[in-house]
Every structure is written in structure tokens, then in C-alpha cells.
Amino acid sequence: RFNEKIHADVNASYYYLDYDNSDQQFMNLYGWQRYTVGAEAGYVLSQWTDFIVAGSYQGYMQDNSEDLSGLAEQYGTRNRYSRNSQGWSLQGGLQSHLTEKITYRLLAGWSRFEYSDGLFTDDGFTYSASANWKINETWTTMLRAESYYMPSEREFGSANRVDMVSWGIGHTMIRGKLNATFDVAYRRETRVCNDISTYDYDENILSARLGLNYWVNRFLAVYLRGEYQGSIFGGDTGGMERDYNRFRASLGFTLSY
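Residues numbered from 1 in each chain as written. Predicted model: local features only at pLDDT ≥ 70, side-chain atom pairs only at ≥ 80, totals over all residues. Heavy atoms only, no water.

### Observations regarding the pattern of salt bridges
Two side chains with opposite charge may pair up if their charged atoms get near one another. To keep it simple, the criterion reads: A pairing counts as a salt bridge when a side-chain nitrogen of Lys or Arg comes within 4 Å of a carboxyl oxygen of Asp or Glu. Segments assigned H or I by DSSP are reported as helices when at least four residues long, segments assigned E as strands when at least two residues long, and all are numbered from the N terminus. Accessibility here uses a 1.4 Å probe with only protein chains present; expressed as a share of the type maximum, an area under 20% marks a residue as buried, one over 50% as exposed, and anything in between as partly exposed.
For the coordinates displayed, the defined rule picks out twelve salt bridges. Two residues, R191 and E155, come together in a salt bridge whose shortest N-O distance is 3.5 Å. Pair noted here: R191 is in strand β9 (residues 178-193) and E155 is in the loop between β7 (139-151) and β8 (159-173), with a separation of 36 residues, a long-range link. On the accessibility criterion, R191 (9% relative accessible area) is buried. Overlapping salt bridges bring together R112, E114 and D123 as one network.

### Thoughts on unusual backbone geometry
Glycine aside, a negative phi is what most residues show, and trans is what most peptide bonds show. Here the phi dihedral of D117 falls at roughly 55°; this positive angle occurs in a residue that is not glycine. Mapping D117 onto the fold places it in the loop between β5 (102-115) and β6 (120-134). With a relative accessible area of 57%, D117 lands in the exposed category. With phi around 50°, I174 is a residue other than glycine that occupies positive phi space. Looking at where I174 falls in the secondary structure, it is placed in the loop between β8 and β9. I174 gets classed as exposed once you look at its relative accessible area, which sits at 53%.

### Concerning the packing of aromatic side chains
What counts here: Pairing of aromatic side chains here covers Phe, Tyr and the six-membered ring of Trp, requires ring centres within 6.5 Å, and sorts the geometry by plane angle: under 30 degrees stacked, over 60 edge-to-face, intermediate tilted. Charge over a ring is defined by NZ of Lys or CZ of Arg lying within 6 Å of the ring centre and within 35 degrees of the ring normal.
For the structure shown, the criterion picks out 13 aromatic pairs. Look at Y15 and W32: their rings are 5.3 Å apart centre to centre, the planes differ by 40°, and that puts the pair in the tilted class. Of this pair, Y15 sits in strand β1 (residues 6-17) while W32 sits in strand β2 (residues 32-44), and the two are 17 residues apart along the sequence. A relative accessible area of 34% places Y15 in the partly exposed class. According to the relative accessible area criterion, W32 is buried, its value standing at 3%. Here the aromatic rings of Y35 and Y57 are separated by 6.5 Å at their centres, their planes lie at 50°, and the arrangement is tilted. In this pair, Y35 sits in strand β2 while Y57 sits in strand β3 (residues 49-62), placing the two residues 22 residues apart along the sequence. Of the residues examined, Y57 reaches a relative accessible area of 23% and is grouped as partly exposed. Among the aromatic side chains, those forming a connected cluster through ring pairs are Y15, W32, Y60, F113 and Y149. Of note, R34 hangs over the ring of Y15, and the distance from its end group to the ring centre comes to 5.0 Å.

### Description of the sheet that holds strand β10 (residues 201-215)
Condition: Pairing between strands requires that DSSP locate at least two bridges from one strand to the other. Angles run from 0 to 180 degrees between N-to-C directions of axes, and those axes are lines fitted to C-alpha atoms, restricted for helices to the stretch in contact.
Across the sheet, twelve strands lie side by side as β1-β2-β3-β4-β5-β6-β7-β8-β9-β10-β11-β12; this open sheet has antiparallel pairing. This sheet does not close on itself; its edge strands, each paired only once, are β1 and β12 (244-255). Averaged over all adjacent pairs, the angle separating strand axes in this sheet is 15°, with direction ignored. Pairing analysis gives 15 bridges linking β10 to strand β11 (residues 220-235), with the strands arranged antiparallel. Looking at β11, one finds that G211 is bridged to R225.

Right, dumping it as C-alpha cells:
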């Protein structure tokens, strides 16, 4: 914070995803790495509202540079791609307190994605929005929406635009020791870059989760999760039935310091 009106921050992140599965038994899933750097500047318009400008750069290194399915040779397309992709995003908007209990943040702007060292490119309007409401001392709720570009995790030579929206609610019980959560989310992956016609499909994913968190002490929490996910595919899937439903339960613990 430079003065009462102007503030700024910088941020960076690294993400790594890896799959260890047999290509002879399962559909190929491609791992990738992503690193991002970004900066944000804000100007205080009033006691309740700030104007925000944010920019970021994303670099990707994905494992789907080769066709392991043989389709590239069959269709006479490229069978090897550069592992490197990159993207830029510039957005502006507001963050504010509507009341003492309701806050929101809304950013919108432009993003550009260059897949495989610029072999495919796509430009588009992107957004990031969130709202939080502390209903009372024990209930809170949150709404979030976001869009961005990323390499495909399923097919080589492909990249997706992701649009997603989610809503969740939490309830605190037993003097703050037990917390229950419920959330639902919708995610749409639209293919923006692809080199084979049968990869030109979209995916719609709906998920719902129910969770319980119990704080044993200030350092240790135990959690229980139940999750449903359903996926529906549209477009040219090459005659393959890709729709699926998944149910998952998880039990674990969280350590904090």
C-alpha cells in the first residue's frame, strides 16, 4: 500500500499434474506443468469500493506432444507438437463491501492463448467473479465464476477454454469445532484448438460435494467428503460413448501451524 488511495501486489504460482496409468488399459491422460506470474494495482474510489487492474502471464509444459493413439498417422495430421504453450490476461473491475457482511470482486477483460509455440492461437473475453456473504455467526455462503484457457488433459494437439461457476454454503457447529459444507459446480470445456476432427467436442461437468470438518485442536482437523461428478460430451466424439458418472468418498486429516 503506497498511500491511502493506491495499493498493489505481485503473485506467482506453480502447478504440477502427473498421471501414472497404462496406455493399454485406459484412455490417455496427459500431465502438465503451469507457472504463472501476475501483478495487480488498485485505487480506492470510496470507503466501500476499489478499482482494480490485474495482468498475468501463464506458461505451460504439457506431456501431450506425441500422439499415442495412432490417429495422427491415420488422418495425416501432425504427430508431434511442442510441449510449450503460453498465455496472457489483462482484466479490470471492482472489489467492494456491499455491506459489512457481503463482499464481492468482479474482473473482466481479454486473454490470449498460444498453444504449442503458437501453432494454434485463440483470443477471447474472460472473467473472474466472486461474492461472499456472512449470513450470521454460524452460516456463510460463496458464489464464484471464472474462465481461462488450458491444454487438454485427454487429447494431444488440443487446447480448451474453461468456463465454470460454483456455489457453496458452510455451517459452523459445536462451538466452532465442527464445520459442515455443501457446494455445487458447473464446468464447461470448449475445444478451441485441435488437429483431428474427432477431438472437436465439448464437455459439460456437474459436481456436488458434501463435507464435514472436525477440529481436534488448533493444529489438527479430520475431514470427511462425499462427491458426485457427472460428465456429458457433445460434438464429434468419433462415435465413442464418453459420458460418465463418478462417486467418491474421502477421509483424511489436515495439519496446520
